[in-house]
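# Coordinates in review
Okay, here's what each chain looks like letter by letter:
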Amino acid sequence: MKRLAILGSTGSIGTQTLDVVDRYPDKFKVEVLTAYRNVDQLIAQAKVHKPDSVVIVNEEHYKVLKDRLSGLPVKVYAGIEAVSHVIAQKGIDMVVAAMVGFSGMRPVIKAIEQGKDIALANKETLVVAGQIINDLAKKHGVQIIPVDSEHSAILQCMAGEADNQVEKITLTASGGPFRRHSVDRLYHVKPEEALRHPNWIMGKKITIDSASMMNKGLEVIEAKWFFDLRPEQIEVVIHPQSIIHSFVHFADGSIKAQMGIPDMRLPIVYALGYPHRLTTDLPRFNIRECNKLTFEEVDTKKFRNLALAYKALEKGGNIPCAMNAANEVAVEAFLKKDIGFMGMPEMIETIMDNTWFIQKPGIEDLEETDRLSRIRAREYIEKMDVR
Ligand code: MG
């Protein structure tokens, strides 16, 4: 029995993780659920899964949560500090990090320090603090298993290849809803259009990131830290059908790819069961019904964010942190129509280029870079006409 803490349980990955967990009552037990502010859903989840503890990060909702769970033997907490506190419990084997954005960094670090294995969906944490996370994981003998479908694919392709040299990897990208748009048209796209992803069901932040290709940019940096690769060993190709989830190219010229339907429950079940494959009754991909799989080059003039991510990866230090912070502000502003679609990369690049460089940032340096980058990003949006 694996005992789980699910951080961000009311989000898209969180709810799909609970869907997976429900299918294996003899294999998994939910001990901790945490949510940012969706108190109603957290209450509903707590009633079904009867965890040891729940945490609502936004403290305004504490009283409602406490009152409505008063009849159950569930410990109720509030605040971001409480998340770190509850995952330190002895009874937890694995932490599913499914919260969105930089705010996931501290809890993930805390979980690693407590020796908990991590199923990582919160890619921003690795983008910002990859070196720190990897050093800590090594020190504490912790496994970090990717939940991101592309990285799960690469991990699956690398199974049994420990001694074999990887030449490069190819991450696949669906291309999102704007794959065929001209640059001119991209200046005028609306949040509603960006939120309509053709293949994947995901949360808002990652759906906008997918439309702008920042998601793939974050994944390039994430791949560096997961698989210890140099920037030139990581390439991206557009694959609109989202059936091949990534490729690994080996030194002998052979290429392995991992395939499956675009359903996040597949990488989730692989991460939870790792290194074993659990039997599922999820829909199967029918090879006979698929008459073509296609691949295209990414146009980085159109999707500047991908080029920015490579630039951040090359520079290293705290620059990916600045890029991520600016992007988090950009996505929020885009959803509120305070910035246009093409204004996002413009703003992010300005913030990156004006960041005070720190070669080997510590946790506090990253928090300071994040804080300042957000302030500068908001100032930029206020001052400039970037709609
Ligand atoms: Mg992905």
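Here goes a summary of the coordinates provided. Not measured: the values here are computed from a predicted model. (Residues numbered from 1 in each chain as written. Predicted model: local features only at pLDDT ≥ 70, side-chain atom pairs only at ≥ 80, totals over all residues. Heavy atoms only, no water.)

### Let's talk about the pairing of strand 10 (residues 244-250)
Quick reminder of the rule: Note on classification: 1.4 Å probe, protein chains only; a residue is buried when its accessible area is under 20% of the maximum for its type, exposed when over 50%, partly exposed between these limits. Secondary structure elements follow DSSP: runs of H or I no shorter than four residues count as helices, runs of E no shorter than two count as strands, and numbering proceeds from the N terminus. Paired strands, as defined in this entry, are two strands with at least two bridges between them according to DSSP.
When you tally the buried positions in strand 10, you get seven out of seven residues, the bulk of the element. Pairing geometry for strand 8 (residues 166-173) and strand 10, over five bridges, is antiparallel. Residue pairing in the sheet places Ile169 in a bridge with Val248 of strand 10. Direction of pairing for strand 10 relative to strand 11 (residues 255-259): antiparallel, over a ladder of five bridges. Looking at strand 11, one finds that His249 is bridged to Ile255. A loop of four residues connects strand 10 with strand 11, the two strands running antiparallel in sequence, and Gly253 in this loop sits at a positive phi of about 95°.

### Observations concerning helix 10 (residues 204-212)
Stated formally: The criterion used for residue contact is that any of the two residues' heavy atoms lie within 4.5 Å.
Taking burial as the measure, the nine residues of helix 10 include seven buried ones, the bulk of the element. Buried within helix 10 are the following residues: Lys205, Thr207, Ile208, Asp209, Ser210, Ala211 and Ser212. Those residues of helix 10 hidden inside the fold are in contact with helix 6 (123-140), helix 9 (191-194), helix 11 (214-227), helix 13 (304-315), helix 14 (319-335) and helix 15 (343-353). Immediately beyond the C-terminal end of helix 10, within one or two residues, lies Met213, with a positive phi of roughly 70°.

### A look at the coordination of the magnesium ion
The reference angle at a metal is 109.5 degrees if four donors form a tetrahedron and 90 or 180 degrees if six donors form an octahedron. To be explicit about the condition: Coordination here is defined by N, O and S atoms within 2.8 Å of the metal (3.2 Å for Na, K and Ca), and since water is not considered, a site can look incomplete.
Taken together, Asp148 (OD), Glu150 (OE) and Glu219 (OE) make up the protein donors of the magnesium ion, found 2.1 Å from the metal. Linear spacing of the donor residues for the magnesium ion on their chain is D-x1-E-x68-E. Remark: Glu219 occurs in helix 11 and Glu150 occurs in helix 7 (residues 149-158); sequence separation between them is 69 residues.

### Some points on the side chain of Asp209
Basically, it comes down to this: Polar contacts here mean pairs of N or O atoms no more than 3.5 Å apart (in protein, one a potential hydrogen donor and the other a potential acceptor; neighbouring residues in sequence count only if both atoms are side-chain atoms).
Mapped onto the fold, Asp209 is located in helix 10. With a relative accessible area of 1%, Asp209 lands in the buried category. One polar contact links Asp209 to Asn327, side chain to side chain, over a distance of 3.0 Å. Among all residues touching Asp209, those that are not within four sequence positions of it are Met214, Asn215, Leu218, Asn327 and Val331.

### Things to note about the environment of Phe357
Following the sequence through the fold, Phe357 ends up in the loop between helix 15 and helix 16 (363-383). Between the C-alpha atom of Phe357 and that of Gln131, which follows or precedes it by 226 residues, the distance is 16 Å. Contacts of Phe357, omitting those with residues within four sequence positions, involve Lys315, Gly316, Gly317, Asn318 and Ile319.

### Section: the sheet that holds strand 9 (residues 234-238)
Short version of the rule: Orientation is described by axes fitted as lines to C-alpha atoms, over the contacting stretch for helices, and by angles from 0 to 180 degrees between their N-to-C directions.
Reading across the sheet, the four strands line up as 9-8-10-11 and stay open at both edges, with mixed pairing between neighbours. Two strands in the sheet have a free side with no partner beyond their single neighbour: strand 9 and strand 11. Going across the sheet, the axis of each strand differs from the next one's by a mean of 20°, ignoring polarity. Packing of helix 11 onto the sheet brings it into contact with strand 8 and strand 9, and relative to strand 8 it is tilted by some 155°.

### Side note on the packing of helix 13 against helix 14
To keep it simple, the criterion reads: Any angle from 65 to 115 degrees is called roughly perpendicular, while one under 35 is roughly parallel, one over 145 is roughly antiparallel, and all others are oblique. Any residue that is not Ala, Val, Leu, Ile, Met, Phe, Trp, Tyr, Cys, Pro, Asp, Glu, Lys or Arg is counted as polar, Gly included; the first ten are nonpolar and the last four charged.
Their axes nearest at 8 Å, the elements helix 13 and helix 14 cross at an angle of 150°. Judged by the angle between their axes, helix 13 and helix 14 are roughly antiparallel. Side by side, helix 13 and helix 14 meet where Leu308, Ala309, Ala312 and Lys315 of the first sit next to Ile319, Pro320 and Met323 of the second. Counted by class, the contact of helix 13 with helix 14 contains six nonpolar, no polar and one charged residues.

### Some details on the side chain of Gln233
Tracing the chain through its elements places Gln233 in the loop between helix 11 and strand 9. Relative accessible area serves as the criterion here: at 9%, Gln233 is assigned to the buried category. Polar contacts involving the side chain of Gln233 include one to the main-chain carbonyl oxygen of Val166, which spans 3.4 Å. Setting aside its immediate chain neighbours within four residues, Gln233 contacts Val166, Glu167, Lys168 and Ile169.

### So, the packing of helix 14 against helix 15
Quick note on the threshold: Crossing handedness is read from the near helix: turned anticlockwise from the far helix by less than a right angle, it gives a left-handed crossing, and turned clockwise, a right-handed one.
Across the interface, helix 14 lies against helix 15 with an axial gap of 9 Å and an inter-helix angle of 150°. Between helix 14 and helix 15, the crossing angle belongs to the class labelled roughly antiparallel. Here helix 14 and helix 15 pass one another in a crossing that is right-handed. Residues Ile319, Ala322, Met323, Ala326, Asn327, Val329, Ala330, Val331 and Phe334 of helix 14 lie in contact with helix 15, whose contacting residues are Met344, Met347, Ile348, Ile351 and Met352. Taken together, the residues of the contact of helix 14 with helix 15 break down into 13 nonpolar, one polar and no charged.

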